[in-house]
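Chain by chain, the residues:
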Amino acid sequence: MKSRYVLLVAILIFGVALVACDAQTAQQVQDAAQQVAPTVQAAAEAVAPTVQAAVEELAPTAEALVGEVTGATEEPAEFVPTSVAAENCDYGGKILSIEAVDELTVQFNLCKTDPAFLAKIAFTPFGIQPSEWIEANGGTGLLLEKPIGTGPYMLDQWVRGDSIIFKRFADYWGESAAAETAVLRWGTEGAARLLELQAGTVDMITNVSPDDIPGVLADPNLQLLPSGNPNVFYVGFTNTFAPFDNPEVRQAIAMGIDKQRIIDNFYPEGSQVADFFTPCSIPNGCEGDPWYEFDPVAAKEMLAAAGYPDGFETTIYYRDVFRVYLPEPGLVAVELQSQLQDNLGITARVEVMESGAFIDESTSGRLNGIHLLGWGADYPHVTNFLDFHFGANNTQFGNPHPEIYEILLEGAQIADVDEAAPLYAQANNAIRELVPLIPVAHGASADAALATVSGAYVPPFGATQFYKLDPGKDTLVFMQNAEPISLFCADETDGESLRPCQQVVETLLEYMDDSGETQPELATACTSNEDATVWVCTLRPGVLFHDGSRFDANDVVASWAAGIDASNPNHVGNTGSFDYFSYLWDGFINAVLEE
């Protein structure tokens, strides 16, 4: 286009010159000029649109050059802070509002003091994704398959039934991942995982089977990595189904189970019989009276007094997923079946379920029978065990017990461990009396890695961070027990889903590698007012999401709103239960109350 313009001007100049060359006087020149004037005018009009277009084409470039010379830059879009809030605190929960004060400041306003606030916000389900990504997917679709976070790895591909592939995020704000690619695979059989490790097809595995631990210790090519995560395996009931609606039936079963026999036969060395639901390593976990002693005679008498002298028929439900708290789920289910028959005359059918379906059915209180489940600590506070399982909103065991959750609500507001101890003694005694579940074992366990993997570790809280493992090659392969359910972890509770989420999505704070203490992650600091009801978090500047967008306070609000606000259009997901938001913060805000 510009070449056309130059050519036309050159022709006009040439025409004027030819006429001028023939002119002999000034009059002749003037006459010549008048002779070509119409032609020049027409030519000018002809090229005008072309010139205008050329100017418009070059304008952005020119403006950019001016900006470079003067140092001026385009004004960023104005930050419009967002918030999510309850109408008031009458709904009974802990969260009143979450506000974006400015681009890098978020304020949490609580209805009541929560001593575990910092420990909770470091937990994976409270990870931050871009507000635009959440809004674009409405809590479903791609959000379930492909989280976008700020972490050292970005999700590349989820090959259903096989693996999840991560790629190193080049613009990560922190320490770069050691391996360019990380691959997460899964296998339900402990022996199969170990065979893969011994063959070198994977670099690290979770949950070495108890019988395989001596072999790993004796193999110079492997390293055993003990886990310090507090946990509990329990037998749960749903009190909305007979005969489990009778507390005497539940107490009889509690006395009729030989826990020590289960430990001796199916758990590795270092495991312990559970005398309380919460492990004693958690402050106030073991306040109150110890659990029932094994007494099959008294158990049979109590069951008869409850109206079942000849026992009854029921079902034992479990999922075939190897866990720290339950390393041999199928074998333990059969052992329990045998003990119920021999000690109480109860005939139980054993039924294994798919993991996702089992979690959904059991935690929703829809299983008519007995279910085998457990818990590994997410953060080092007694509320993580008690408030989650026995809160007013948890229907896993049927109708919640006010004798338990009303005490827990009081205890959860007391920061001083000694001051809160009498309340947790009451809560533990109420659990013992009402028996919504039976705590059976605190399992010892260990992961294993190739000896060549540098930096291999198992944190007591949260998952091993892949970016800290150096396999000495471009690709790290990690194998866990089962395939994730979804990768929208605001709406997931199982460790198999939380592990891949933690590689991609980051939280405001994170747990240290060797303790439950928290340290900055996306927030450089979170500080409170005097009574710890207002927490202000200062966000880390210059952080980018994997899609290239900038992290700011509105992303925090949007991520939390999707979980905590029942009226939010993005409060949907794999199941939509958002258990951690409900249980750990005493309920959703803006929920429609049942009449």
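Numbering of residues begins from 1 in every chain and follows the order in which that chain's sequence is written. Reporting of local features is limited, given that this is a predicted model, to residues whose pLDDT is at least 70; pairs of side-chain atoms are given and counted only at 80 or more, and all residues count toward the totals for whole chains, interfaces and linings. Only hydrogens and water are set aside when side-chain values are computed; all heavy atoms of the structure are taken into account.

Participant: What is the right way to read the overall build of the protein chain from this model?
Facilitator: On a plain count of helices and strands, the protein chain comes out with 18 helices and 20 strands. Considering only residue pairs separated by 6 or more positions, the protein chain has 69% of its internal contacts joining residues 24 or more positions apart. Using the Shrake-Rupley algorithm and a 1.4 Å probe, accessible areas are obtained, with residue cover drawn only from the displayed protein chains. Entry remark: accessible area of the protein chain is about 25,500 Å², with carbon and sulfur atoms responsible for 52%. Helix numbers and strand numbers start at the N terminus; a helix is a DSSP run of H or I with at least 4 residues, a strand a run of E with at least 2. By the convention used here, residues are in contact when the closest approach between their heavy atoms is within 4.5 Å.

Participant: Looking at this structure, how should I read the pairing of strand 12 (residues 347-353)?
Facilitator: Along any regular strand, the residues point their side chains to alternate faces of the sheet. Note that strand 11 (residues 313-319) and strand 12 share seven bridges and pair parallel. In the strand pairing of strand 12, I316 is matched with V350. By convention a crossover is right-handed if, when the strands point away from the viewer, the path from the first strand over the helix to the second runs clockwise. Each parallel crossover has a hand, and for strand 11 linked through helix 11 (residues 329-344) to strand 12 it is right-handed. Two strands make a pair as long as DSSP finds a minimum of two bridges between them.

Participant: What's the story with the sheet that holds strand 7 (residues 204-205) in this structure? I'm lost.
Facilitator: The strands making up a sheet are joined through hydrogen bonds of the backbone, oriented either antiparallel or parallel. Overall, mixed pairing links the seven strands, which are arranged 4-5-6-16-7-15-8 in an open sheet. A strand with exactly one partner marks an edge of an open sheet, and here the two such strands are strand 4 (153-159) and strand 8 (222-226). Summarising the sheet, strand 7 and strand 16 (residues 475-480) pair through two bridges and their orientation is parallel. Directly across from I205, in strand 16, lies its bridge partner M479.

Participant: How do you make sense of the state of the cysteines when you look at a structure like this?
Facilitator: Put plainly, two cysteines are in a disulfide when a covalent bond ties their sulfur atoms together. The disulfide criterion used throughout: a pair of cysteine sulfur atoms within 2.5 Å. The full count for this structure, using the stated rule, is four disulfides. The disulfide partner of C89 is C111, and the S-S distance across this bridge is 2.1 Å. Between C89 and C111, the disulfide has an S-S torsion of -90° and is therefore left-handed. Of this pair, C89 sits in the loop between strand 1 (83-85) and strand 2 (95-102) while C111 sits in the loop between strand 3 (105-110) and helix 3 (117-121); the two residues are 22 residues apart in sequence, bridging distant segments of the chain. Using a 1.4 Å probe on the protein chains alone, a residue whose accessible area is under 20% of its type maximum counts as buried, one over 50% counts as exposed, and one in between counts as partly exposed. C111 gets classed as partly exposed once you look at its relative accessible area, which sits at 22%. Bridging C526 to C537, the disulfide has an S-S length of 2.1 Å. Since a negative S-S torsion denotes a left-handed disulfide, the C526-C537 link at about 115° is right-handed.

Participant: Mind showing me how you'd approach the layout of surface pockets here?
Facilitator: Unfilled space is identified by rolling a water-sized probe across the atoms. Site definitions follow a grid-based scheme: protein atoms alone, a 1 Å grid, a 1.4 Å probe that fits but cannot get out for cavities, and for pockets an open set with protein on both sides within 12 Å along at least five of seven lines, plus lining residues having an atom within 4 Å of a point. Grid points are joined across faces, edges and corners, and a volume is the space filled by probe spheres set on the points. One number sums up the size of the largest pocket: a volume of about 1,100 Å³. Taken together, 41 residues form the lining of the largest pocket, with N393, S582, G587, F588 and A591 sitting closest to its centre. Listed by contribution, the elements that provide at least two residues to the lining of the largest pocket are helix 12 (355-363), helix 14 (402-411) and helix 18 (579-584). It is helix 12 that provides the largest number of residues to the lining of the largest pocket, a total of four residues. Following the grouping adopted for this structure description, the nonpolar residues are Ala, Val, Leu, Ile, Met, Phe, Trp, Tyr, Cys and Pro, the charged ones are Asp, Glu, Lys and Arg, and the polar ones are all others, Gly among them. Considered class by class, the residues forming the lining of the largest pocket number 15 nonpolar, 16 polar and 10 charged. Its boundaries defined by the atoms lining it, the second largest pocket holds a volume of some 370 Å³. Lining the second largest pocket are 23 residues; nearest its centre among them are P115, A116, A119, P380 and H381. Those elements that place two or more of their residues in the lining of the second largest pocket are helix 3 and helix 15 (417-434). Looking at side-chain class alone, the lining of the second largest pocket contains 14 nonpolar, six polar and three charged residues.

Participant: Would you mind showing me how to read helix 12 here?
Facilitator: Owing to its 3.6 residues per turn, the α-helix brings residues three or four apart onto one side. Those residues of helix 12 that sit buried are S355, G356, F358, I359, S362 and T363. Looking straight down helix 12, one finds that the buried residues subtend no more than 165° of arc, so they occupy a single side. Contacts from the buried residues of helix 12 go to strand 11, strand 12, strand 13 (370-376) and helix 18. Within 3.5 Å is the distance limit for a polar contact, defined as a pair of N or O atoms, with the added protein rule that one can donate a hydrogen and the other accept it, and that residues adjacent in sequence qualify only through two side-chain atoms. For helix 12, the N-terminal capping position is held by E354, with its side-chain oxygen 3.0 Å away from the main-chain nitrogen of G356. Downstream of helix 12 by a residue or two, G365 has a phi angle that is positive, lying close to 70°. Each direction from the helix axis to a C-beta atom contributes to the arc, which is the arc of those directions.

Participant: Looking at this structure, how should I read the side chain of H546?
Facilitator: Mapped onto the elements, H546 comes out in the loop between strand 20 (534-539) and helix 17 (553-564). Judged by relative accessible area, which is 12%, H546 ranks as buried. Here the side chain of H546 touches Y153 through a polar contact of 3.4 Å, landing on its backbone oxygen. With residues up to four places along the chain from it excluded, the contact list for H546 reads I148, G149, T150, G151, Y153, M154, F169 and V504.

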